[in-house]
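# Coordinate inspection notes
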Amino acid sequence: MTGTHPLRSKRRRSALRTAAFMSPWLIGFTVFFVYPLLSTLYFSFTRYDGFRQPSFNGLDNWSYVFTDYPLFWPAMRNTLWLVLVMVICRVAFGLGIGLLITKIKTGAGIFRTLFYLPYLAPPVAATLAFVFLLNPGTGPVNTLLDAVGLPTPGWFTDADWSKPALTALALWGVGDLMVIFMAALLDVPKEQYEAAELDGAGAWARFRHITLPNISPIIMFAVVTGVIQAMQYYAQPLVAGKVAAGVIGGSGQQFEPGYPDKSTLTLPQLVYNLGFQRFDYGTACVVALVLFALSMAFTALLMRRRGGLIGAGE
């Protein structure tokens, strides 16, 4: 019994020391995450315009968003489409480019630079360039397609092609994933490839049973961060819709996002439109919480089912 009290005191001191070292992170986490999240939850049950005191209105905001707000479900479908299609394409394309460059014997540095440079372009400038390149009437892409006898899509002016055009823009700036995958691929032990070759394994078998299992944590990282980025996709679809619609004026113009036909509308655009253009902060908080819940659900599902990403390699 005599040693119990000193041991308890030692553990308490150790816990206090640990809390002291963690206090900067704990303060930042509380101030910049917990407090905003709780505030958003509170405002979602109120009628609040940012000027007058918020008044409690129960589930009215939630009911309006899910049943009466005409832009919510198109934005939800577009956001989920971007998560499922754009993220998968970016990861596959980034991995493919990384594999290709690691196999190049001469000029790998030049190709690496060429593929990485588009990632450094500012998002708005890159989107503007893509809209003009894919202009259905005067853009060089459609001019080239027409010259070789291929169909010429409407791209950002066609609701069926606007999201594929945004995906092409995302693939153009895939340099960040390429660099990450290249670093992971270069860390795969060469002895495993040599042993597999001695056993008669082909290229696909080596990729499936050696490459994929070794880089699976990097694939998981790329998918999770890609989902989070897709959930925050705001500037590119908004700029593309505005330019394609001919709305390129200053801040005094009102623009309903989603052109053409709500095909480029995303949940982050609704948050901004409701909160900072319509001053309906309660409804904007509902959409923000839905966005947060979706991000957490996708991340939790991916972390729980991470083996499914490389099931073919096991």
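From a predicted model like this one, the values you see are computed outputs, not experimental measurements.

### Let's talk about the pattern of salt bridges
Scanning all chains against the criterion turns up 2 salt bridges. Among the salt bridges present, the one from Arg 52 reaches Asp 49, with a minimum N-O distance of 2.8 Å. Under the relative-accessibility criterion, Arg 52 is labelled exposed at 62%. According to the relative accessible area criterion, Asp 49 is buried, its value standing at 17%. Across the pair Asp 176 and Arg 90 runs a salt bridge, and its minimum N-O distance is 3.1 Å. With Asp 176 in helix H8 (residues 175-186) and Arg 90 in helix H3 (residues 72-103), this pair connects stretches of sequence that are 86 residues apart. Taken as a pair, Asp 176 and Arg 90 share a single burial class, namely buried.

### Structural notes on unusual backbone geometry
Of note, the bond from Tyr 259 into Pro 260 is cis; its omega dihedral lies within 30 degrees of zero at 0°. Here Pro 260 is to be found in the loop between helix H11 (235-245) and helix H12 (267-277). Located in the positive-phi region is Trp 155, a residue other than glycine, with phi close to 55°. Assignment of secondary structure puts Trp 155 in the loop between helix H6 (140-147) and helix H7 (162-172). Judged by its relative accessible area of 12%, Trp 155 falls in the buried class. One non-glycine residue, Phe 279, adopts positive backbone phi at about 55°. By the element assignment, Phe 279 lies in the loop between H12 and helix H13 (281-304). A relative accessible area of 36% means that Phe 279 is categorised as partly exposed.

### A closer look at the side chain of Asn 142
Turning to its location among the elements, Asn 142 is positioned in helix H6. Overall, the relative accessible area of 3% leaves Asn 142 in the buried class.

### Thoughts on the packing of aromatic side chains
Counted by the stated rule, this structure contains 20 aromatic pairs. Consider the rings of Trp 25 and Phe 29, whose centres lie 4.9 Å apart with planes at 15°: the pair is stacked. Here the residue Trp 25 and the residue Phe 29 both occupy positions in helix H1 (residues 4-43), the gap between them amounting to 4 residues, near one helical turn. For Phe 29, a relative accessible area of 33% translates into the label partly exposed. Seen in terms of ring centroids, Phe 33 and Phe 292 are 6.1 Å apart; in terms of plane orientation they differ by 55°. Their pairing is tilted. Of this pair, Phe 33 sits in helix H1 while Phe 292 sits in helix H13, and the two are 259 residues apart along the sequence. The exposure class of Phe 33 is partly exposed, given its relative accessible area of 34%. For Phe 292, a relative accessible area of 31% corresponds to the partly exposed category. Members of the aromatic cluster, joined through ring pairs, are Tyr 42, Phe 43, Tyr 48, Tyr 234, Tyr 272, Phe 276 and Tyr 281. Over the aromatic face of Trp 81 sits the side chain of Lys 163, whose NZ or CZ is 5.8 Å from the ring centroid.

### What about the packing of helix H2 (residues 60-68) against H13?
Direction vectors running N to C along H2 and H13 enclose 65°, while the axes themselves pass 9 Å from each other. Compared by their axis directions, H2 and H13 come out roughly perpendicular. By crossing handedness, the relation of H2 to H13 is classed as right-handed. Where H2 abuts H13, its residues Asn 61, Trp 62, Tyr 64, Val 65 and Phe 66 lie against Gly 282, Thr 283, Val 286, Val 287, Leu 289 and Val 290.

### Looking at the nonpolar core
One broad trend across soluble globular proteins is that nonpolar side chains are buried collectively. Ranked by size, the top nonpolar core spans 61 residues in total, and within it Phe 72, Phe 156, Val 227, Leu 267, Leu 270 and Val 287 carry the most contacts. Sort the elements by how many residues they give to this core and helix H10 (residues 203-231) lands first, with 12 residues. Apart from the residues lying within four places of it in its own chain, the contact partners of Phe 156 are Phe 130, Val 131, Leu 134, Ser 162, Ala 165, Leu 166, Ala 240, Ala 244, Tyr 259 and Pro 260.

### Some details on the packing of helix H5 (residues 123-133) against H7
Helices that pack against each other are described as a pair by the angle of their axes relative to one another and the distance between those axes. Between H5 and H7, the least distance of the axes is 11 Å, while the angle of their chain directions is 125°. It follows from the interaxial angle that H5 and H7 lie oblique. Where H5 crosses over H7, the two elements pack in a sense that is right-handed. Taken together, the residues of H7 that come into contact with H5 (itself represented by Ala 126, Thr 127 and Phe 130) are Ala 165, Ala 168, Leu 169 and Trp 172. Considered class by class, the residues forming the contact of H5 with H7 number 6 nonpolar, 1 polar and no charged.

About the criteria used
- Residues numbered from 1 in each chain as written.
- Predicted model: local features only at pLDDT ≥ 70, side-chain atom pairs only at ≥ 80, totals over all residues.
- Heavy atoms only, no water.
- Salt bridge = Lys/Arg side-chain N within 4 Å of Asp/Glu carboxyl O.
- Buried < 20%, exposed > 50% of the residue type's maximum accessible area, 1.4 Å probe, protein only.
- Helix = DSSP H or I, 4+ residues; strand = E, 2+ residues; numbered from the N terminus.
- Phe/Tyr/Trp six-rings, centres within 6.5 Å; stacked < 30°, edge-to-face > 60°.
- Lys NZ or Arg CZ within 6 Å of the ring centre and 35° of its normal.
- Axes fitted to C-alpha atoms, helices over the stretch in contact; angles between N-to-C directions.
- Parallel < 35°, antiparallel > 145°, perpendicular 65-115°, else oblique.
- Left-handed = near helix turned anticlockwise from the far one by under 90°.
- Contact = heavy atoms within 4.5 Å.
- Core = buried A, V, L, I, M, F, W, Y, C linked by side-chain atoms within 4.5 Å.
- Nonpolar A, V, L, I, M, F, W, Y, C, P; charged D, E, K, R; others polar.

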